[in-house]
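# Secondary and tertiary structure notes
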Amino acid sequence: NAEHHHREGMIKSNKTFFVPWDTIDESNPREIIERKEKINFVPYLIMQGGLDDNMLPAAQENFVKLYKAAGGQVEFHLFEKSVHEWVAEESPETDKARATVKEFIARQLKG
């Protein structure tokens, strides 16, 4: 997706972090689930921008389905009018995201 949108900074970051390059597949959560690796299923909170063209909402929704089908617990919250890094700037949506995280953590601590 980064290559498709010509996001040179993201491409460079990925190639810097994933050395050797094939570790990008080895560490991909979706691919770990698809390979049926033995993992500890931790509760996940995924907050996704509906306008995100970096991590596509459909890709996150697919991961949510896979994680649940494999036995994991996941909460998915779509922020319809938000881009990829919407929480980097103050807004009502950022406030809503903070509240969502706090509520998620509180539920985990009670559980």
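A brief look at the structure comes next.

So, how was this worked out
Residues numbered from 1 in each chain as written. Predicted model: local features only at pLDDT ≥ 70, side-chain atom pairs only at ≥ 80, totals over all residues. Heavy atoms only, no water. Core = buried A, V, L, I, M, F, W, Y, C linked by side-chain atoms within 4.5 Å. Buried < 20%, exposed > 50% of the residue type's maximum accessible area, 1.4 Å probe, protein only. Helix = DSSP H or I, 4+ residues; strand = E, 2+ residues; numbered from the N terminus. Contact = heavy atoms within 4.5 Å.

## Some points on the nonpolar core
Core analysis: the biggest nonpolar cluster contains 6 residues, these being Ile33, Ile46, Phe63, Val64, Tyr67 and Val74. It is helix α4 (residues 57-69) that contributes the most residues to this core, 3 residues altogether. Setting aside residues up to four positions removed in sequence, Phe63 forms contacts with Pro29, Arg30, Ile33, Tyr44 and Ile46.

## Here we look at unusual backbone geometry
Looking along the chain, the bond that leaves Val19 and enters Pro20 is cis, with omega of 0°. Along the chain, Pro20 turns up in the loop between α1 (8-17) and α2 (23-26). One non-glycine residue, Lys36, lies in the positive phi region at around 60°. Relative to the elements of secondary structure, Lys36 occurs in the loop between α3 (29-34) and β1 (44-49).

These results come straight from atomic positions and should not be treated as a statement about function.
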